[in-house]
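Each chain, letter by letter, is given below.
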Amino acid sequence: MKKTVKIRNVIIGESVPKICVPLVGGTLPQLKEEAEFIKTLHPDLVEWRADFFEGVEDIEQIIATLKELNIILKEIPLIFTFRSLKEGGEKEISADVYFSLNEAIVQTGFADVIDIELFHDERNIKALVKSAHDNDVLVIISNHDFDRTPEKEEIISRLQKAQELGADLPKIAVMPETPADVLTLLEATHLMNEQFAERPIITMSMAGKGLISRLAGEVFGSALTFAAAKKGSAPGQIAVTELRQFLAILHDNL
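From a predicted model like this one, the values you see are computed outputs, not experimental measurements. (Residues numbered from 1 in each chain as written. Predicted model: local features only at pLDDT ≥ 70, side-chain atom pairs only at ≥ 80, totals over all residues. Heavy atoms only, no water.)

A short note on the nonpolar core
Grouped together as the largest cluster of nonpolar side chains are 50 residues, with contacts concentrated most on Leu23, Trp48, Ile62, Phe80, Ile114, Ile116 and Ile141. Contact partners of Ile114, with chain neighbours within four places excluded, come to Phe80, Asn102, Ile105, Val106, Leu128, Ala132, Val137, Leu138, Val139 and Ile140. Of all hydrophobic cores here, the second largest spans 19 residues; its members include Val5, Val10, Leu169 and Ala173. (Core = buried A, V, L, I, M, F, W, Y, C linked by side-chain atoms within 4.5 Å. Buried < 20%, exposed > 50% of the residue type's maximum accessible area, 1.4 Å probe, protein only. Contact = heavy atoms within 4.5 Å.)

Quick look at the layout of surface pockets
Rolled over the atoms, a probe sized like a water molecule indicates the empty space that remains. Its volume calculated, the largest pocket comes out at about 260 Å³. Taken together, 18 residues form the lining of the largest pocket, with Gly13, Glu14, Asn193, Gly221 and Ala223 sitting closest to its centre. Each residue belonging to the lining of the largest pocket can be placed in one class, and the counts come to six nonpolar, seven polar and five charged. (1 Å grid on protein atoms, 1.4 Å probe; cavity = no way out; pocket = protein on both sides within 12 Å on 5 of 7 lines; lining within 4 Å. Points joined across faces, edges and corners; volume = space filled by probe spheres on them. Nonpolar A, V, L, I, M, F, W, Y, C, P; charged D, E, K, R; others polar.)

Topic: the side chain of Asp181
Tracing the chain through its elements places Asp181 in helix H6 (residues 179–196). We note that Asp181 is buried and unpaired, the nearest opposite charge coming from Lys209 at a distance of 8.3 Å. When near neighbours in sequence (up to four residues on either side) are disregarded, Asp181 contacts Thr149 and Pro176. (Helix = DSSP H or I, 4+ residues; strand = E, 2+ residues; numbered from the N terminus. Lys, Arg positive; Asp, Glu negative; His and termini not counted. Salt bridge = Lys/Arg side-chain N within 4 Å of Asp/Glu carboxyl O.)

Description of the pairing of strand S8 (residues 169–174)
The side chains of a regular strand alternate, residue by residue, between the two faces of the sheet. Counting buried positions over the six residues of S8 gives six, a clear majority of the element. Taken together, strand S7 (residues 138–145), helix H5 (residues 152–164) and S8 form a β-α-β motif whose crossover is right-handed. Relative to strand S9 (residues 202–205), S8 runs parallel, the two being bridged by four bridges. Residue pairing for S9: Ala173 is matched across the bridge by Met204. (Right-handed = clockwise from strand over helix to strand, strands pointing away. Pairing = 2+ DSSP bridges.)

A word on the packing of H5 against H6
Where H5 contacts H6, the two axes come as close as 9 Å, and the packing angle between them is 45°. The orientation of H5 relative to H6 falls into the category oblique. Remark: the crossing between H5 and H6 carries right-handed chirality. For the pair H5 and H6, contact is made by Lys152, Ile155, Ile156, Leu159, Gln160 and Gln163 and by Thr184, Leu185, Glu187, Ala188, Leu191, Met192 and Phe196, respectively. (Axes fitted to C-alpha atoms, helices over the stretch in contact; angles between N-to-C directions. Parallel < 35°, antiparallel > 145°, perpendicular 65-115°, else oblique. Left-handed = near helix turned anticlockwise from the far one by under 90°.)

Okay, here's the thing in C-alpha cells:
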C-alpha cells in the first residue's frame, strides 16, 4: 500500500488531489500582497517560486521574506522552489549557489517542503535530502521538460529515479505537442502509480493541450495539482476556484 504524505494538516495521496498555488512576486511588498490574496482562496499548499524574486541571491533577504510569508499564510503549508532557467524558471544560478540556498532554507524551519531538480549531481541531491529530512522538511524531486514529452518508459524512469533519491513526492511536468503526448503522460502516471510508486506522485502535461492532466489526477494517480491565483508559474494553470470545481465534480462521480 502506498504511503500518504502529511504536510501540517494536509494529507497528500488520498481522496481529491490537493491544490497548490504559486507565489511569483518580484519584491517583498508584491509577495505580501499576493500571499494575502492567495490566503482568501484557501489552497491546500502554497509554493514560493523564489526564482521570480529580485533578491534571490541574497540568502538573508530570502530567509527574512520566507519568515514574512509564514506569518501571513499561517497554517497553509509552504513549498520553497528555485526553478532554474533550463527547467522553465526565471533565472539561472550556479549549482553551488542553488544547493547553498536550499540548505539555508532547510535550516530555518520556515519551509515545509523544498523542491530539488532531478538533473543535478546525485551526491549533492542525496546530501540535501538527508539534511531536509533531518530538519523535518519534506522533499519534492522534480523534472520539467519544456521541449517535449518523453517516451512513457522515460517518464516512469525519471519518477523512479526521484523516488530512489529520497523524494517524498516525485514530480514530472512535460510539454505536449499532440493529444497523443498527453495520453503518454497519463499512461505513464497510471503505470507508475500502480506498479512502482511507494509514495504519492505529481505529474502534469503542460499548456492548453495538457490541461486535462491537471484535472484528472485522481483517475490516473497524480496526487497534487497546481493552479493560478492572478498569475501562473507554468503554462496551463487555471484559476483556483475553477480547478476546485472540476476536481470536486470528478471526485463525486468516481
